[in-house]
Amino acid sequence: MIKVSVLGYGTVGSGVVEILRENADIITKRTGEEIVVKSVLDLRDFPGDPVQDIIVHDFEEIKNDTEVQIVVETMGGLHPAYEFVKAALESGKSVCTSNKALVAAYGPELLEIAQSHNVNFLFEASVGGGIPIIRPLKISLAPDEILEISGILNGTTNYILTEMTDKGSDFDSVLKEAQEKGYAEKDPTADVEGYDACRKIAILTSLAYGKQLDFEDIYTEGITKITDRDIAYAKEIGAKVKIFGSSKKSGDKVSAMVAPKLITSSHPLYSVDGVFNAILVKGNMVGDVMFYGQGAGKLATASAVVSDIIDEAKHVNVNMKTLWDHEKLALMPLDEVTSKFLVRVKGNRESVQDAVEKAFGKVTPVDAGFDDEFGFVTEEITEGAYAGAAKQVEVINKIRFDA
């Protein structure tokens, strides 16, 4: 019998307890061991819920419980999650977590501690919710050099952009609707400004190249500047606007970015709409591989956590090495990254086209029916070249193309 403690009885934590209870028979068969939740840490009590019988309020009880072999961290945030996870690993317990902030900030350190104590630190649910991506990246794609990772990594922003595209609604209206439906938090900043996706692509990129990529070093742009006019231009050229977290290897350099991108119907992620997420990984041998599913939600995320519990239960006292060193991954300077851009500038075509072509060179005009601005698509240029050209005209907005 494997005994587990869960830190936090919120959405994901309660989902983990539910899955371990409801699917106990199948989990036991697949693990070869019965997995039992011995304790749940929470500041609250839950009268009327069977979990109340195993609620504890002091982490020290769990840390010092020699029967507990696996600790599940679903508290979220950095502190005290970091201190609790570190202490659990140092006390010889394996840990799995759904906490992307924790993994992005302390991944290499916690993996190192786990290895030195012959236990495991797993985090499948930290990226993509219920979508398997961490384990495939570490194991299934291990023979490949990863050339590119590109993902729709946040269900809230994908839902907002889908609604804006399908219904012609403005950003503020769709955000309010998403909050009412529970797709967006009361404070949606982490989602709509791209910070959530940024942490996720930092984790995936670090795993792909075995070195630490700090999320603070990734250029991040949210969707708050996307308007119904941007959507109209996108439709005019047969494209959709999606926000991507992406990283790409060019020679011996890696670039990384979170930003809205334009994709056409030939792109594998074109049909990923609503609250769904998808991640496209390009390997030098396997080619393109896509992972698709619910990127959040109680049971979807909890299912990924339980998959880690099962893996750890099968590897008691056996560390499953993960290559992710403290050494920082050197990013290509943003100015050197290339892209095509859809650009909107103030002024009608007749009055500004000469200035636009002088600044940007050859462009392809796009007529979305607006007389007070000029929209166009550039050739592929560097970010540095774009920035220089943009200073010479009055830019309303720009959106990159996903190559």
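Residues numbered from 1 in each chain as written. Predicted model: local features only at pLDDT ≥ 70, side-chain atom pairs only at ≥ 80, totals over all residues. Heavy atoms only, no water.

Chemist: Give me the lowdown on the pairing of strand β13 (residues 287–294), citing residues and values where you can.
Modeler: Pairing of strand β12 (residues 276–283) with β13 involves eight bridges; the strand directions are antiparallel. Paired with I279 across the strands is F291, a residue of β13. In textbook terms, the turn of a hairpin is the stretch between consecutive antiparallel strands, and for β12 and β13 this stretch comprises three residues. (Pairing = 2+ DSSP bridges. Helix = DSSP H or I, 4+ residues; strand = E, 2+ residues; numbered from the N terminus.)

Chemist: Summarise a nonpolar patch on the surface; cite the residues concerned and give the values.
Modeler: Taken together, the side chains of F276, M290 and Y292 present a nonpolar region at the surface, about 280 Å² in accessible area. Take F276: it is sitting in strand β12. (Patch = residues over 30% accessible without salt bridge, like charges linked within 9 Å, V, L, I, M, F, W, Y side chains within 5 Å. Areas by Shrake-Rupley, 256 points an atom, 1.4 Å probe, with all protein chains shown as cover. Salt bridge = Lys/Arg side-chain N within 4 Å of Asp/Glu carboxyl O.)

Chemist: Tell me about the sheet that holds strand β3 (residues 55–56), and name the residues and values.
Modeler: Across the sheet, six strands lie side by side as β3-β2-β1-β4-β5-β6; this open sheet has parallel pairing. Single-partner strands in this sheet number two, and they are β3 and β6 (121–122). Where strand β1 (residues 2–7) meets strand β4 (residues 68–73), five bridges bridge the pair, whose relative direction is parallel. The residue bridging S5 from the neighbouring strand is V71, located in β4.

Chemist: Which residues make up the nonpolar core, and what values go with them?
Modeler: Within the largest apolar cluster, 78 residues are counted, with the highest numbers of intra-cluster contacts made by F121 and I160. The greatest single-element share of this core, amounting to nine residues, is contributed by helix α10 (residues 195–209). Ignoring anything within four residues of it in the chain, the contact list for F121 reads V85, L89, V95, T97, V103, L110, L111, A114 and E312. V12, I55, L122 and A313 belong to the second-largest nonpolar core, a separate cluster that totals 29 residues. (Core = buried A, V, L, I, M, F, W, Y, C linked by side-chain atoms within 4.5 Å. Buried < 20%, exposed > 50% of the residue type's maximum accessible area, 1.4 Å probe, protein only. Contact = heavy atoms within 4.5 Å.)

Chemist: So what's going on with the packing of helix α5 (residues 100–116) against α10? Which residues, and what values?
Modeler: Across the interface, α5 lies against α10 with an axial gap of 9 Å and an inter-helix angle of 45°. In terms of axis orientation, α5 runs oblique to α10. The element α5 and its partner α10 pack so that their crossing is left-handed. Contacts between α5 and α10 pair K100, A101, V103 and A104 from the former with D196, R199, K200 and I203 from the latter. Here the contact of α5 with α10 is built from residues that sort into four nonpolar, no polar and four charged. (Axes fitted to C-alpha atoms, helices over the stretch in contact; angles between N-to-C directions. Parallel < 35°, antiparallel > 145°, perpendicular 65-115°, else oblique. Left-handed = near helix turned anticlockwise from the far one by under 90°. Nonpolar A, V, L, I, M, F, W, Y, C, P; charged D, E, K, R; others polar.)

Chemist: Any details on the pattern of salt bridges? Residues and values, ideally.
Modeler: All chains considered together, the criterion is met by 32 salt bridges. A salt bridge links R21 to E22; the shortest N-O distance between them is 3.6 Å. Across the pair, E22 and R21 agree in class, each one exposed. With a closest N to O distance of 2.6 Å, R400 and E383 form a salt bridge. Separated by 17 residues along the polypeptide, R400 in strand β20 (residues 395–401) and E383 in helix α14 (residues 383–390) bring together distant segments of the chain. The pair R400 / E383 is uniform in exposure class, with both members buried. Residues joined by salt bridges that share partners form a network here, namely R229, D230, R344, D372 and E373.

Chemist: Hey, could you go over the side chain of S247 for me, with residue numbers and the actual values?
Modeler: Tracing the backbone through its elements, the reader meets S247 in strand β10 (residues 239–250). Judged by its relative accessible area of 1%, S247 falls in the buried class. At a separation of 2.9 Å, a polar atom in the side chain of S247 contacts the side chain of T205. Aside from chain neighbours lying at most four places away, what touches S247 is L147, E148, I149, I201, T205, V254, S255 and A256. (Polar contact = N/O pair within 3.5 Å; in protein donor to acceptor, adjacent residues only side chain to side chain.)

Chemist: Give a detailed account of the environment of D170, specifying residues and quantitative values.
Modeler: Structurally, D170 can be placed in the loop between α7 (155–167) and α8 (171–180). Judged by relative accessible area, which is 35%, D170 ranks as partly exposed. With 61 residues separating them along the chain, D170 and I231 place their C-alpha atoms 9.7 Å apart. For D170, the side chain forms a polar contact with the side chain of S173, separated by 2.8 Å.

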